[in-house]
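# Coordinates in review
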Amino acid sequence: MTARSDSRRFGWGLAALGMLLVSTDSLWVRVSGADALDIAFIVGVLSMVLYGAMALRQASASWMSLRADIWPLLAIGVLGAFSQITFISAINRTEVPNVVAIVASAPVLAAAFAWVALRERTSPRVAAGIALTVVGIGMVVSTSIGSSNLFGDFLALIAVVCFAFSTVIWRRHRDMSRVVGLALAALLVVIPTAFVVDLGAPDATAWAAILAMGLVCNPLGRLSYSNAPKYAPAGEVALFAPVETVAGIVWAALFLGEYPALVTLAGAVVVIFGMLHATVLDRRGAMAFGGD
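Notes on the structure follow. Counting restarts for each chain: residues are numbered from 1 in the order of the written sequence. Selection of residues for local features in this predicted model requires a pLDDT of at least 70, selection of side-chain atom pairs for listing and counting requires 80 or more, and totals for whole chains, interfaces and linings are taken over all residues. Water and hydrogen atoms play no part in the side-chain values, which are based on all heavy atoms of the structure.

To continue, consider the side chain of serine 177. Helix and strand assignments come from DSSP, with helices taken as H or I runs of at least 4 residues and strands as E runs of at least 2, each series counted from the N terminus. Its place among the elements puts serine 177 in the loop between helix H9 (150–172) and helix H10 (178–193). Setting aside residues up to four positions removed in sequence, serine 177 forms contacts with Ser62, Ser65, Leu73 and Trp170. Contacts are residue-level and defined by heavy atoms, with any inter-residue pair within 4.5 Å sufficient.

Shown next, in the form of structure tokens:
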């Protein structure tokens, strides 16, 4: 096992963990029943405090990164803020399966953006894996697509475009401070939503769900995923975005009593196989990317 393949495996692990944690966002949003902008503000404040504390613990490195990478950090901040606000708003304006179906386009978008910006060519194996995941996601959401609200779908599309492009920026600037970028994104969520937030509106259940999302799942998931491009190409990292779709189905079944149809289960299997095909196994059972 080479050092490069070890590094790539670690990147995949971070991406998978990040998407698994982020996959709970739709569950927490639905359980809370709160207004999207109220949720965005509270989660933004919590994330800003957490990431800000991490940045302060590495004050020297954070300041150096802020001075050296101010423009890409600001880009990450803007993209992250748009992604967060539009994703939460989409969950409240359209069906969850529609949102996660659009999120599944992240691998294709990230691979395309990486090819244009970084000249990272997508190998046939990764392309096949992406195709399989898209087919699988299509199977998962086939019974729901067509009943969504158009504006909610448009918001989800904005969210996934921002998400995919931020993956490429993280990849291009591997040494850029992750916590500074994420803290800026949280700050840029808080600033506009502070003018419309109503902290008295959420009830106890809503607060519990929002705190679970804002203190644990969302910030840790974003931190894990944003670090993944340091170790693996952007197209491969984004390939793990469908984990959010599959896991979201599991959370809905376990906690909301919404059980998937057989076609949904079949689609989940296709998605998992697509990820394994593109990242873990080659025809000889070796690492698919270990040699380049």
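Now for the nonpolar core. Take the buried residues of types Ala, Val, Leu, Ile, Met, Phe, Trp, Tyr and Cys, join any two whose side-chain atoms come within 4.5 Å, and each joined set is a nonpolar core. Throughout, exposure labels follow a simple rule: accessible area from a 1.4 Å probe, protein chains only, divided by the maximum for the residue type, with under 20% read as buried, over 50% as exposed, and the rest as partly exposed. Grouped together as the largest cluster of nonpolar side chains are 42 residues, with contacts concentrated most on Ile39, Ile88 and Val99. Elements with a minimum of two residues in this core: helix H1 (3–22), helix H3 (36–57), helix H5 (70–93), helix H6 (96–103), H9, H10 and helix H11 (204–227). Counting residues per element, this core draws most heavily on H3, at seven residues. If we skip the residues at most four places from it in the chain, valine 99 touches Phe87, Ala90, Ile91, Thr94 and Ala156. Core analysis: the second largest hydrophobic core is formed by 15 residues, Ala55, Leu79, Cys162 and Val179 among them.

Before going further, it helps to spend a moment on a nonpolar patch on the surface. On the surface, Val31, Val250, Leu254, Phe255 and Leu256 cluster together into a nonpolar patch covering about 450 Å² of accessible area. At three residues, the largest contribution of residues to the nonpolar patch is made by helix H13 (residues 242–255). With respect to the helices, strands and loops of the structure, valine 31 is situated in helix H2 (residues 25–32). Since its relative accessible area comes to 33%, valine 31 is described here as partly exposed. Two joining distances apply to patches: 9 Å for like charges and 5 Å for nonpolar side chains (Val, Leu, Ile, Met, Phe, Trp, Tyr), and every residue must have over 30% relative accessible area and no salt bridge. Where accessible areas are quoted, they stem from the Shrake-Rupley method and a 1.4 Å probe; at the residue level, only the protein chains shown are allowed to cover. Salt bridges are defined by distance alone: a side-chain nitrogen of Lys or Arg within 4 Å of a carboxyl oxygen of Asp or Glu.

Here serine 32 is to be found in helix H2. A relative accessible area of 8% means that serine 32 is categorised as buried. Serine 32 has contacts with Ile39, Ala206, Ala209 and Ile210, leaving out every residue within four places of it along the chain.

Among the structural elements, phenylalanine 255 can be located in helix H13. Phenylalanine 255 gets classed as exposed once you look at its relative accessible area, which sits at 58%. In the structure, phenylalanine 255 is positioned 224 residues away from valine 31 in sequence and 9.4 Å away in space, judged by C-alpha atoms.

A few words on the packing of aromatic side chains. Any aromatic ring pair is given by two values, namely how distant the centres are and how the planes are angled relative to each other. Note on aromatic contacts: the rings of Phe and Tyr and the six-membered ring of Trp form a pair at centre separations within 6.5 Å, being stacked when their planes are under 30 degrees apart, edge-to-face when over 60 apart, and tilted otherwise. What the rule picks out here adds up to three aromatic pairs. Pairing phenylalanine 10 with tyrosine 231 gives two aromatic rings, centres 5.0 Å apart and planes at 85 degrees, and the pair type is edge-to-face. Of this pair, phenylalanine 10 sits in helix H1 while tyrosine 231 sits in the loop between H11 and helix H12 (234–238); the two residues are 221 residues apart in sequence, bridging distant segments of the chain.

Keep in mind that these numbers describe shape and distance, not what the molecule does.
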